Amino acid sequence: MMTVILITELILNNKKYQVLKILIIAAHPDDEILGVGGTILKHSINGDEVEAIILATGITSRIGESKDKIEKLRVDSKKVCKLLKMKKVTHHNFPDNKMDSVPLLDVVKVIEDKISKFKPEKIFTHHYNDLNIDHRITYQATLTACRPINSTVNEIICFEIPSSTEWNYPQKFNPNYFVNISKQLKMKIKAMETYKGEIRKFPHPRSSKYLKVLAEKWGAVSGNNAAEAFEIIRKIE
């Protein structure tokens, strides 16, 4: 059985532009901003269809089970979705910081179902060497769900999460793909500040100042004023 990928074309600045379907697979609310917020906005402005799924509640390990707190986090997530012009964000209820207590197959099936319905060509997800267990489980489940058999997915790309990727030793995040977000950085920081319960004060890595410093660091590495850095896991052409 052959999988057929239909790609829509837009006329952008008098040039034909192939619209991509891009899926962000994140473990927790705010990971989508920390890891790939500027790139999401850039793709959205260019006319690409960007959706996100967030697998775990993202808060219960710190404050216990609280429907009100979880709902507030998801309301913030919807606001972020609009700020970054994403098409949709979907939340699931895997246990926060305990995704290793769930059969991996359960996580894989959620991701497979989303891929089957949305049919993305490109996926951004967590790095395989993050300190956070949920991030590592999310990566493994994504890789399993994206087996290259009758799949629309031809790119799998890992993002870093400040306060997780750099805190695992030895560090193995080796970026080989950089996206210029000089025009999107302010909105990325504004989107992160929307998560009022997640933003921290500098020198915490989840602070507005650090996000700016990190973007400028990768910008300097790649010859831009600001950039997000990624590691390409697989690309099929």
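Predicted, not measured: the structure shown is a model, and the values here were computed from it.

A. How the structure looks around the side chain of Glu-32. Checked against the element boundaries, Glu-32 lands in helix 1 (residues 31-45). Buried and without a salt bridge, Glu-32 has Lys-78 as its closest oppositely charged side chain, separated by 10 Å. Contacts of Glu-32, omitting those with residues within four sequence positions, involve Ile-24, Ala-26, Gly-37, Ile-40, Ile-54, Ser-77, Val-80 and Tyr-195.

B. How the structure looks around the pattern of salt bridges. In total, this model carries 11 salt bridges according to the counting rule given. Close ionic contact of Glu-216 with Lys-212 constitutes a salt bridge, the shortest N to O distance being 2.6 Å. Taken as a pair, Glu-216 and Lys-212 lie in helix 7 (residues 208-222) at a separation of 4 residues, close to a single helical turn. Given the relative accessible area of 35%, Glu-216 is considered partly exposed. Lys-212 gets classed as partly exposed once you look at its relative accessible area, which sits at 40%. Put simply, Glu-49, Glu-51, Lys-87 and Lys-114 are held in one network by salt bridges that share partners.

C. The pairing of strand 3 (residues 21-26), seen in detail. Of all 6 residues in strand 3, 5 are buried, a share of seventy percent or more. Between strand 3 and its parallel partner strand 4 (residues 49-56), the chain crosses via helix 1, and the hand of that crossover is right-handed. Examined bridge by bridge, strand 3 and strand 6 (residues 122-126) share 4 bridges and lie parallel to one another. The partner of Ile-24 across the bridge, within strand 6, is Phe-124.

D. Broad picture of the pairing of strand 7 (residues 155-159). Counting buried residues in strand 7 gives 5 out of 5 residues, a clear majority hidden from the surface. Alternating positions in strand 7 separate into two faces, Glu-155, Ile-157 and Phe-159 on one and Ile-156 and Cys-158 on the other, with burial throughout. Here strand 6 runs beside strand 7; their pairing, made up of 5 bridges, is parallel. Bridge pairing links His-126 to Phe-159 in strand 7. Handedness of the crossover joining strand 6 and strand 7 through helix 5 (residues 133-145) is recorded here as right-handed. Both strand 7 and strand 9 (residues 227-235) contribute to a ladder of 5 bridges, which runs antiparallel. Bridging from a neighbouring strand, Ile-156 pairs with Arg-234 of strand 9.

E. Structural context of the packing of aromatic side chains. Under the defined criterion, the tally for this structure stands at 5 aromatic pairs. A connected cluster of aromatic rings, assembled from ring pairs, spans Phe-124, Tyr-177 and Phe-230. Positioned over the ring face of Phe-118 is Lys-114, at 5.6 Å from the centre of the ring. Its guanidinium or amino end placed over the ring of Trp-218, Lys-217 lies 4.3 Å from that ring's centre, counting from NZ or CZ.

F. The confidence of the model for the protein, seen in detail. The predicted model of the protein averages 91 in pLDDT, with 90% of residues at 70 or higher. Taken as a whole, residues 1-9 scores under 50 in pLDDT and shows 15 contacts with residues more than four places along the chain or in a different chain.

Quick notes on the rules
Residues numbered from 1 in each chain as written. Predicted model: local features only at pLDDT ≥ 70, side-chain atom pairs only at ≥ 80, totals over all residues. Heavy atoms only, no water. Helix = DSSP H or I, 4+ residues; strand = E, 2+ residues; numbered from the N terminus. Buried < 20%, exposed > 50% of the residue type's maximum accessible area, 1.4 Å probe, protein only. Lys, Arg positive; Asp, Glu negative; His and termini not counted. Salt bridge = Lys/Arg side-chain N within 4 Å of Asp/Glu carboxyl O. Contact = heavy atoms within 4.5 Å. Right-handed = clockwise from strand over helix to strand, strands pointing away. Pairing = 2+ DSSP bridges. Phe/Tyr/Trp six-rings, centres within 6.5 Å; stacked < 30°, edge-to-face > 60°. Lys NZ or Arg CZ within 6 Å of the ring centre and 35° of its normal. pLDDT = per-residue confidence, 0-100.

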